[in-house]
Each structure stands twice: as structure tokens, then as C-alpha cells.
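Structural description and commentary
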Amino acid sequence: VSLLDIETEKAMEQLTPVADAGTKVSLVIHDVFLSSEGTRYIADFLHGTWLGHPLHPVLTDITIGAWAMAGIFDAAGAITDSDELRKVGDHLTTAGTISAIPTAITGLTDYSTFPEPSAAPATLHAMLNTINFGFYIASVRARRRGDHSRGVLYSTIGLGLTAVSAWLGGKLVYTYKVGVDHSDKFEKPERWTTVLDASSLPMRTPKRVEYDGKPVLIYREGAEVYAIGATCSHAGGPLNEGKFSRGCVECPWHQSVFNLENGHVVHGPATHPQPGFEARIESGKVQIRLCKDRECRKGNPEGNEYH
Ligand code: FES
């Protein structure tokens, strides 16, 4: 851990008002996304549920790449006094600024469900990006008016702010673990493993058991017994405390929904699936076995006698 990291974390701890204000804003956005099935699907798309990892960092590469290249062409244009190079700089500035719109929308969507410890840096990241976007809008307008020098001045300030904000974005991922897979990693067991007496597993009552020293959620409904990793892949929420409905569990922290049969993501913000287990009741015992390659087939529940 570098001195800069330690100082940054200390500074973030001082930013409680920023974190509190950011949390309030994020909850409002999150509520809007949760307000209907349609808005949930839009949020899923923007989170990158379909992609298997967050969409926002993919788009930031395009925006930052275009703006950085614009800076290079602006500098080359100034050094060589070339209008052609200046024009390329203008076009790249405009392209980066247009691409910043979907980048910001996906960022705002992820912002609506940031894990609590990242509230201050996530809010600072969002604020800086709003300011640098303003500078780039001003730059594009100045360049379109033919005031290239002023356009370069604004975009240079914007690029400096973008660099700081991108560094904060990196901190969010590598220090605060935003967007990474928080689910537990299990070794593949060869055999069925008993985790619970079936008599201790009432209908529709989630149980958290330990397997390989890590928590697994067990849930029984009708003739089915389900088992998936209990630590939410989004930010580590306890799925055994979630809401259960129609063969799915909704995380209590940011409302990701997972299919209980195989751990697949039904709704984000999670973009990574849960480890899925086959589950069965055999001779009065609940047994589980890790799914191979995440392809779950159900076990052979014979639990009706325990209803
Ligand atoms: S921890 Fe965020 S949805 Fe589960």
C-alpha cells in the first residue's frame, strides 16, 4: 500500500457530508430504476448484466481514448502549425464528448448502487466527471466558433480533470472493489456433500450453511431444493436475508436478483453469476454438489416426506 493510497483513504474518511449527499442521490436514482419491470431492464442493460461485467469501464476507454488522442493532435497541430492536425483534434474532441453521454449514463446507473464504503470516492468521481464534461462542452462550442485556442484551453483543463477522475475510477475498482465479483470461489467437489438435516430445512425458509468454509444459501420450495453461493457477487450482500419469489432470490442490499436453480443473474446491478450447486434430499439429508461449468441440473429431491 503506497503512501498516496493511505493519504487518499484518510482524505475519503473526512468526506462524510459528500458521502451522505451522494448516498441520498444514489438511492433516488435506484428507486427510479426499481419502479417498474421496464426500468429494471433498462438498468440491467446499462449495468452490463448482459455483458457479464460492468459496461461503464468499456465506454470510459472510448471517451478517455478520444480525448487523450485529441490532446495529442492539438499539441501536434500547435507544434507544426498544421490546420489539418488541429481539425483532427477538433473532431476527436467532439467524438469524445458525444461518447461521454452514454459513458456518463452507465456511470450514473452504477452510481445508483455503489457499495457503501465507496460513497465518497464514487461521488467525487461523479462530480469531477460532471465538471470535466462541462469543460469539454465549452471546448466543442469554442472550436465550432473557430476559437481553436480557447477550445484547446478548455479541453486541456478537462483532460487534467479527466486524468484525476480516471485515477479515482481505478481506486473504486482496485481499492473499493466496485464492479468486481464478490462471490466466494468454491473448489469443485467430486461427490455429493451433506450440509444439513432435511428436517432442519422448512419450506420457504432460507438457510445459510458452510461449505468449504464459505457460506451457501439453501432454500426449499415444493419438491425443489436450491443451493447457490450466499455471498452476493455484486458487493457481498447476504442472499440468505433476501426476498424469495418464483425460484429467484433478491439481494437485500441493492436488489440484484439471481436464479436459485443455477445462480444466473436475472436482474442487476450484479453482472457476475452466483456459484450454483445441485441440491437434493437423500436419506433425510440435504446434499449439494457444485455445478460443473455453471451448468446446473437439479438433483433428485425426494423431500416430500419432510413437508
Ligand atoms: S450486494 Fe449489491 S445487490 Fe447484492
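Here the structure is a predicted model, which means the values were calculated and not measured.

Rules of the game
Residues numbered from 1 in each chain as written. Predicted model: local features only at pLDDT ≥ 70, side-chain atom pairs only at ≥ 80, totals over all residues. Heavy atoms only, no water. Helix = DSSP H or I, 4+ residues; strand = E, 2+ residues; numbered from the N terminus. Rg over C-alpha atoms; globule rule 2.2 N^0.38 Å. Buried < 20%, exposed > 50% of the residue type's maximum accessible area, 1.4 Å probe, protein only. Contact = heavy atoms within 4.5 Å. Areas by Shrake-Rupley, 256 points an atom, 1.4 Å probe, with all protein chains shown as cover. Lys, Arg positive; Asp, Glu negative; His and termini not counted. Charge placed at Lys NZ, Arg CZ, Asp CG, Glu CD. pLDDT = per-residue confidence, 0-100. Salt bridge = Lys/Arg side-chain N within 4 Å of Asp/Glu carboxyl O. Pairing = 2+ DSSP bridges. Axes fitted to C-alpha atoms, helices over the stretch in contact; angles between N-to-C directions. Core = buried A, V, L, I, M, F, W, Y, C linked by side-chain atoms within 4.5 Å. Expected span 1.5 Å × (residues − 1). Polar contact = N/O pair within 3.5 Å; in protein donor to acceptor, adjacent residues only side chain to side chain.

Right, let's talk about the overall build of the protein for a bit. Within the protein one finds seven helices and ten strands. Scaling as 2.2 N^0.38, a compact globule of 307 residues should have a C-alpha radius of gyration of about 19 Å, whereas the protein reaches 24 Å, well beyond that. Expressed along its principal axes, the backbone C-alpha trace of the protein runs to roughly 85 × 40 × 35 Å. Among the 307 residues that make up the protein, the fraction classed as buried is 45%. Pairs at least 24 apart in sequence give 58% of the contacts found in the protein among residues at least 6 apart. Counting every atom, the protein has about 15600 Å² of accessible surface; 59% of that belongs to carbon and sulfur. Each charge class in the protein can be summarised by its mean position, and for the 29 positive and 35 negative side chains these summaries are 1 Å apart.

Residues with a pLDDT of 70 or more make up 90% of the protein, whose mean pLDDT is 89. In the predicted structure, residues 298-307 sits below a pLDDT of 50 and forms 32 contacts with residues beyond four places in sequence or in another chain.

Before going further, it helps to spend a moment on the pattern of salt bridges. Across all of its chains, the model carries twelve salt bridges by this definition. Across the pair Glu250 and Lys243 runs a salt bridge whose closest N-O atoms are separated by 3.9 Å. Each of Arg40, Lys243 and Glu250 takes part in salt bridges that share partners, so that together they form one network.

Think of a sheet as strands paired side by side through backbone hydrogen bonds, with each pair either parallel or antiparallel. One open sheet holds the six strands; their spatial order is β1-β10-β9-β4-β3-β2, and the pairing between them is antiparallel. Unpaired on one side and paired on the other, β1 (193-197) and β2 (207-211) mark the two borders of the sheet. Sheet twist, expressed as the average angle between the axes of neighbouring strands with direction ignored, equals 35°. Here four bridges tie β1 to strand β10 (residues 285-290), and the two strands are oriented antiparallel to one another. Bridge assignment links Thr194 to a residue of β10, and that residue is Gln287.

A few words now on the sheet that holds strand β8 (residues 265-267). Taking strand neighbours across the sheet as the criterion, the four strands line up as β5-β6-β7-β8 in an open arrangement whose pairing is antiparallel. For this open sheet the edge positions go to β5 (243-245) and β8, each flanked by a neighbour on one side alone. The mean angle between the axes of side-by-side strands here comes to 30°, regardless of whether they run parallel or antiparallel. When strand β7 (residues 257-259) meets β8, the two strands line up antiparallel, connected through two bridges. When the sheet's bridge partners are listed, Phe258 is paired in β8 with Val265.

What follows covers the pairing of strand β4 (residues 224-229). In summary, the side chains of a regular strand alternate between the two faces of the sheet. Burial analysis of β4 places five of its six residues in the buried class, the great majority of the element. Relative to β4, strand β3 (residues 214-221) runs antiparallel, the two being bridged by six bridges. Residue Arg220 lies in a different strand from β4, and its bridge partner there is Val225. Where β3 folds back on β4, the antiparallel hairpin that results is connected by two residues, among which Gly222 adopts a positive phi of roughly 60°. Where β4 and strand β9 (residues 276-282) come together, two bridges link them in antiparallel fashion. Looking across to β9, one finds that Ile228 is bridged to Gly276.

This part covers the environment of Asp5. Within the secondary structure layout, Asp5 lies in helix α1 (residues 3-13). Through-space distance from the C-alpha of Asp5 to that of Tyr174 is 11 Å; in sequence the pair is 169 residues apart.

Where β2 lies against β3, five bridges are found, and the strand directions are antiparallel. Looking across to β3, one finds that Lys207 is bridged to Ile218. A loop of two residues connects β2 with β3, the two strands running antiparallel in sequence, and Asp212 in this loop sits at a positive phi of about 60°.

So, about the nonpolar core. In this structure, Val195, Val216, Ile218, Phe277, Val286 and Ile288 are the most contacted members of the largest nonpolar core, which totals 17 residues. Of all the elements in the fold, those that place two or more residues in this core are β1, β2, β3, β4, β9 and β10. If we ignore the near neighbours within four places in the chain, the residues touching Val216 are Phe186, Lys207, Arg208, Val209, Tyr211, Ala227, Ile228, Gly229, Ala230, Phe277 and Ile288. Counting 13 residues, the second-largest nonpolar core is a separate cluster that includes Leu217, Ile228, Val249 and Ala270.

Counted at 1.5 Å a residue, the expected span for helix α5 (residues 83-111) with its 29 residues is 42 Å, and the 40 Å between its end C-alpha atoms agrees. With a side-chain oxygen positioned 3.3 Å from the backbone nitrogen of Glu84, the residue opening α5 is Ser82.

So, on to the side chain of Ser139. Along the chain, Ser139 falls in helix α6 (residues 119-144). Ignoring sequence-local partners within four residues, the contact set of Ser139 consists of Thr93, Gly151, Tyr154 and Ser155.

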